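Next come the chains, spelled out residue by residue.
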Amino acid sequence: MMASGRETAATGASWQPTASRQILKSRAQQLGWVRGFFAQRGVLEVETPVLGQCGVTDVNIDSIAASPMAVAGQHGGRGWLQSSPEYHMKRLLAAGSGSIYQVSQVFRDGERGRRHNPEFSLLEWYRPGFDDQQLMAEVAELVCGWLDLPQPHRIGYRQLLRDHAGIDPFEASITDLRKACRPLVGDGDLLESLDRDGCLNLLMSFRVEPALGFDRPVFVTRYPASQAALARVSREDGHAVAHRFELYVRGIELCNGYWELTDPQEQRRRFHDDNARRRGLGKTEMPVDERFLAALESGLPDCAGVALGLDRLLMLKCGADEISEVLAFPAERS
Amino acid sequence: MASYSTNEFRGGLKVLLDGDPCIILENEFVKPGKGQAFNRVKLRNLMTNRQWERTFKSGESLEAADVIDQDMEYLYNDGEFWYFMKTDGSFEQFPADEKAVGDTVKWLKEQDVYTVTLYNGAPLIVTPPNFVELEVVETDPGMKGDTAQGGSKPATLSTGAVVNVPLFITIGEVLKVDTRSGEYVGRVKN
């Protein structure tokens, strides 16, 4: 195979970090900022397992299997590197932890690109008693305080797709959606295989995102209900709208937040739907996390939660174009 | 034939797309929020030399194209084909047509070595080395004393290529030329 312009695994020269010392220093400062932010607000720092017995069922997130040896009284075998500390943290919430946050390394199989590394640093926090609006205000304080940016706008998903892609995500037919995607993917099998959310994701990635958050940060809110695994849903103008939000800064997606779903039956139904879709796609079905569901049964307090990519936050702080500039060792050098 | 998944795509990889061999130039992984992942790929079609941009679902695969680059010595032209020979001692010869030779024809000198890109075993593209050394066969007479003054004139080289050269260059001199820009680099001293 022909060697590409980039280094190959075979070169002996790639032991060095890809981040400069200055950026490593900014990373340490950022962590200090985050801890100070939550200490001031009385939010408790927690640590939960990185290697868990269950992964996630989410169709678009692939967990990495890691199988530890059986220990006394346990069946060993299948384990999963966590793609987010969400389920464990919600178990803490159900046990009465109050407001909590965590900085952890999380894993998503196959995700490597300019803004993706299969292992990355995630800041996740939960606020009992908050709704999505209140949590957005707190996210804005954390992010805009650290990056020294003006307060974000809040714009609905529907308006963004109308403005940037010329379609109404709630009303457009699948034919219209595919028509809008055709210039991006051509006329092949991919176009035919795209369902509503597939089309919307494509348009969001290529028509909307690149233009978002350049004047000032932008919160995208009021997503279609089908695009929010664990968020509450309410009706707005006759459409099911999820209490989900994302923050974009200079075209970079920074975080994803929900006013959390607390209904265990609904949660179980969504797990099974996910697994049915995974089956259809020929993906591994994931074990349903019964401990998590049991915690929901016992009662999750009303809360809002958000997960924020710290490597991307650091990219914005340092003006980096590639995630590898802010990682000591990206996947190919790990 | 092997195939490559989007995760393996990187600059320089040769794949088949819509039946044509293509070289991957860039591969960008894009994944929105909790949505599906896509790869936005820039490719150059090696048959038409046109650049394409295509979006793939992450994890999709393309068949590898049987395309390899080989150093070969140029032998001769029979009016229809240009013949190249492997430099590995096998004496194996390959006829390249006008399309494969393309603009490289003006840099072809017998016994010099070129890169021949083979697709399914047949020459697809002939690429000259970045620099070639060729003799001047025609140019206006050299003028002594013009060295410092600058200025240039056209000179025809043994292969038919015409390059701009300084005024002092004379017929019979061997010049070093950059094939990428078609520019004169310097005289080759014996």
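Residues numbered from 1 in each chain as written. Chains lettered and ligands numbered in written order. Predicted model: local features only at pLDDT ≥ 70, side-chain atom pairs only at ≥ 80, totals over all residues. Heavy atoms only, no water.

## Focus: the pattern of salt bridges
Residue and element names in this part refer to chain A. For the structure shown, the criterion picks out 33 salt bridges over all chains. Between Arg270 and Glu266 there is a salt bridge; the shortest N-O distance is 2.8 Å. You can see Arg270 and its partner Glu266 sitting in helix H8 (residues 264-280), four residues apart, about one turn around the helix. Assessed through its relative accessible area of 15%, Arg270 is described here as buried. Through salt bridges with shared partners, a single network forms among Arg41, Arg127, Glu138 and Glu141. (Salt bridge = Lys/Arg side-chain N within 4 Å of Asp/Glu carboxyl O. Helix = DSSP H or I, 4+ residues; strand = E, 2+ residues; numbered from the N terminus. Buried < 20%, exposed > 50% of the residue type's maximum accessible area, 1.4 Å probe, protein only.)

## What about the UniProt feature "domain: Translation elongation factor P/YeiP central" (unreviewed entry) in chain B?
Sites flagged by UniProt as "domain: Translation elongation factor P/YeiP central" (unreviewed entry) map to residues 69-124 of chain B. As annotated, residues 69-124 of chain B has a helix share of 7% and a strand share of 50%, and its two end C-alpha atoms lie 10 Å apart. (UniProt positions renumbered as here; feature names shortened; annotations may be inferred.)

## Section: helix H3 (residues 132-147) of chain A
Residues and elements named next belong to chain A. The end-to-end C-alpha distance of H3, which contains 16 residues, comes to 22 Å, matching closely the 22 Å that a straight helix rising 1.5 Å per residue would cover. Between a side-chain oxygen at the N-terminus of H3 and the backbone nitrogen of Gln133 the separation is 3.1 Å; the capping residue is Asp131. Phi turns positive, to about 55°, at Asp148, one or two residues after H3. (Expected span 1.5 Å × (residues − 1). Polar contact = N/O pair within 3.5 Å; in protein donor to acceptor, adjacent residues only side chain to side chain.)

## Here's the deal with the sheet that holds strand S3 (residues 64-65) of chain A
Residues and elements named next belong to chain A. Spatially, S2-S4-S3 is the arrangement adopted by the three strands of the open sheet, whose pairing is antiparallel. Of all the strands in the sheet, just strand S2 (51-52) and S3 have a single pairing partner and so form its edges. Across two bridges, the pairing between S2 and strand S4 (residues 80-81) is antiparallel. Across the sheet, the residue bridging to Gly52 is Trp80, located in S4. (Pairing = 2+ DSSP bridges.)

## Focus on the domain arrangement of chain A
Residue and element names in this part refer to chain A. Each domain of chain A was delimited in the assignment, giving domain 1 (15-152 + 216-333) and domain 2 (153-208). Each partner contributes residues to the interface: domain 1 has 22 residues there, and domain 2 has 14 residues. For the pairing of domain 1 and domain 2, the buried interface totals around 1400 Å² over both sides, and the portion due to carbon and sulfur atoms is 52%. Linking domain 1 with domain 2 are zero salt bridges. Elements that contribute at least two residues to the side of domain 1 that touches domain 2 include exactly H3, strand S8 (218-224) and strand S10 (239-249). With seven residues, S8 is the largest single contributor of residues to the side of domain 1 that touches domain 2. (Domains from an automatic or database assignment. Contact = heavy atoms within 4.5 Å. Buried area = accessible area lost by both parts, 1.4 Å probe.)

## Let's talk about the sheet that holds strand S3 (residues 20-30) of chain B
Taken together, four strands build an open sheet; the order of strands is S2-S3-S4-S5 (chain B) and the sheet is antiparallel. Each edge of the open sheet carries a strand with a single partner, namely strand S2 (14-17) and strand S5 (51-57) of chain B. The mean angle between the axes of side-by-side strands here comes to 45°, regardless of whether they run parallel or antiparallel. As paired elements, S2 of chain B and S3 of chain B share four bridges and run antiparallel to each other. The partner of Leu16 of chain B across the bridge, within S3 of chain B, is Pro21 of chain B. Packed on one face of the sheet, helix H7 (residues 196-208) of chain A meets S3, strand S4 (38-45) and S5 of chain B and runs near 70° to S4 of chain B. (Axes fitted to C-alpha atoms, helices over the stretch in contact; angles between N-to-C directions.)

## Comments concerning the interface of chain A and chain B
Interface size is commonly expressed as the accessible surface area that is lost when the partners come together. In this complex, chain A contributes 28 residues to the contact, which on the side of chain B involves 24 residues. Interface area for chain A against chain B, summed over the two sides, is near 2300 Å², with a carbon-plus-sulfur share of 55%. Between the two partners, chain A and chain B, sit two salt bridges. Ionic pairing is found between Lys31 of chain B and Glu111 of chain A, a salt bridge with its closest N-O pair at 3.5 Å. If you look at where chain A meets chain B, you find five residue pairs in polar contact (both at pLDDT 80 or more). Sort the elements by how many residues they give to the side of chain A that touches chain B and H7 of chain A lands first, with five residues. Across the side of chain A that touches chain B, the residue classes tally to ten nonpolar, ten polar and eight charged. (Nonpolar A, V, L, I, M, F, W, Y, C, P; charged D, E, K, R; others polar.)

## Some points on the nonpolar core
Residue and element names in this part refer to chain A. Core analysis: the biggest nonpolar cluster contains 49 residues, and Leu161, Ile167, Met204 and Val220 have the highest contact counts within it. At the level of elements, helix H2 (86-94), helix H4 (157-165), helix H5 (174-185), helix H6 (189-193), H7, S8, S10 and helix H9 (290-299) are the ones that each hand at least two residues to this core. The element that contributes the greatest number of residues to this core is H7, accounting for seven residues. Contact partners of Leu161, with chain neighbours within four places excluded, come to Gly166, Ile167, Pro169, Leu200, Leu203, Met204 and Val208. Judged by nonpolar contacts, the second largest core, of 37 residues, contains Ala140, Leu142, Leu313 and Leu327. (Core = buried A, V, L, I, M, F, W, Y, C linked by side-chain atoms within 4.5 Å.)

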